[in-house]
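# Structural characterization, general
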Amino acid sequence: MKAVSAVPTLAQASAGVEVVGAAADGEQAIALATELRPDAVLMDLRMPRVDGVGAARRLRERDPRVKVIALTTYDHERSVVEALRAGARGYLTKDAGAEEIRQALEAVVRGEAAIDPAVQHHLVDALATGAPAAAAALPDGLTPREAEVLSLIAEGLSNAEIAARLVVSEATVKSHINHLFTKIGARDRAQAVTYAYRHDLAPRPAP
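Now for a description of the structure that goes with this document. (Residues numbered from 1 in each chain as written. Predicted model: local features only at pLDDT ≥ 70, side-chain atom pairs only at ≥ 80, totals over all residues. Heavy atoms only, no water.)

Right, let's talk about the environment of Arg85 for a bit. You can see Arg85 is positioned in helix α4 (residues 77-85). Along the sequence, Arg85 and Val53 sit 32 residues apart, while their C-alpha atoms lie 8.6 Å from each other. (Helix = DSSP H or I, 4+ residues; strand = E, 2+ residues; numbered from the N terminus.)

Spelled out as structure tokens, the structure:
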């Protein structure tokens, strides 16, 4: 089975998977998948230049036959729903083992879905409420980018680290933070993190 991977260490660890291309960012993942036409693409949702959701969406538009599996440390509803809406056929968290990854790849290549059992309840919740966490449903008028910055703050990243992750300037990050703090009524990062957890905009740390 041939795969392009934006998370090469995971793909290399999967027996029976030939990694024909390893991408360092979303743009490269799109280019490699278009050029190499692999059976599947392993896509990290957190990548510079183009994130995993954007890359999956663009791949679907270029070639609907491309099978994408999203891999991420995030298992909250918004990430799951956005990835699947963008065209991903699978969703795994990064603690998935080599065998789980291999089985997921085989499943999506067969035309099946491969959703980590740990996140399946998010799909049930989204369908039950009829209001999955799309951009229009973000609380207090947050934009998707502001929600992303807030999630990274909750992850513990500094302004400089957020800027590097999103490939923007620190001044841009500070502007996003000022705007989102005003919208959510937060005075500092601690209050912002509490808000992010309360509104399911960031995964809570494991106990």
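Pairing within the open sheet is parallel, and its six strands lie in the order β2-β1-β3-β4-β5-β6. Of all the strands in the sheet, the pair left with one neighbour each is β2 (18-22) and β6 (114-115). Relative to β6, strand β5 (residues 90-93) runs parallel, the two being bridged by two bridges. Each residue of the ladder has a partner; that of Gly90, found in β6, is Ala114. Sheet strands in contact with helix α3 (residues 52-62) are β3 (40-44) and β4 (68-72), and its direction is about 155° off that of β3. (Pairing = 2+ DSSP bridges. Contact = heavy atoms within 4.5 Å. Axes fitted to C-alpha atoms, helices over the stretch in contact; angles between N-to-C directions.)

Notably, Val167 is not glycine yet its phi reads approximately 60°, a positive angle. Secondary-structure assignment places Val167 in the loop between α8 (159-166) and α9 (170-184). Of the residues examined, Val167 reaches a relative accessible area of 47% and is grouped as partly exposed. Despite not being glycine, Asp200 shows a phi value in the positive range, around 60°. The topology assignment puts Asp200 in the segment after α10 (189-198). Exposure remark for Asp200: the relative accessible area of 30% places this residue in the partly exposed category. (Buried < 20%, exposed > 50% of the residue type's maximum accessible area, 1.4 Å probe, protein only.)

Moving on to the environment of Ile162. Note on placement: Ile162 falls in helix α8. Each C-alpha atom, one on Ile162 and one on Val149, is 7.2 Å from the other, the two residues being 13 residues apart in sequence. In this structure Ile162 touches Val149, Leu152, Ile153, Leu157, Val173 and Arg189, once residues within four positions along its chain are discounted.

In this section: α8. Those residues of α8 lying buried are Asn159, Ile162, Ala163 and Leu166. Buried residues in α8, looked at end-on, bunch into an arc of 100°, giving them a common side. In this structure, the buried side of α8 is in contact with α7 (144-154), α9 and α10. Directly beyond the C-terminal end of α8, a positive phi value near 60° is found at Val167. (Arc of directions from axis to C-beta.)

Turning our attention to α7. In terms of burial, α7 is largely enclosed, as nine of its eleven residues are buried. One or two steps after α7, the chain reaches Gly156, where phi turns positive at roughly 100°.

It is worth spelling out the pattern of salt bridges at this point. This structure, assessed with the given rule, holds ten salt bridges. A salt bridge links Arg46 to Glu148, with the shortest nitrogen-to-oxygen separation between them at 3.2 Å. Of this pair, Arg46 sits in the loop between β3 and α3 while Glu148 is found in helix α7, placing the two residues 102 residues apart along the sequence. As far as the burial class goes, Arg46 and Glu148 line up, both buried. Here Glu99 and Arg102 are joined by a salt bridge, their closest N and O atoms 2.2 Å apart. Taken together, the residues span about one helical turn, with Glu99 and Arg102 both in helix α5 (residues 98-109) at a distance of three residues. Here the residues in one salt-bridge network are Arg37, Asp63 and Arg65, joined through shared partners. (Salt bridge = Lys/Arg side-chain N within 4 Å of Asp/Glu carboxyl O.)

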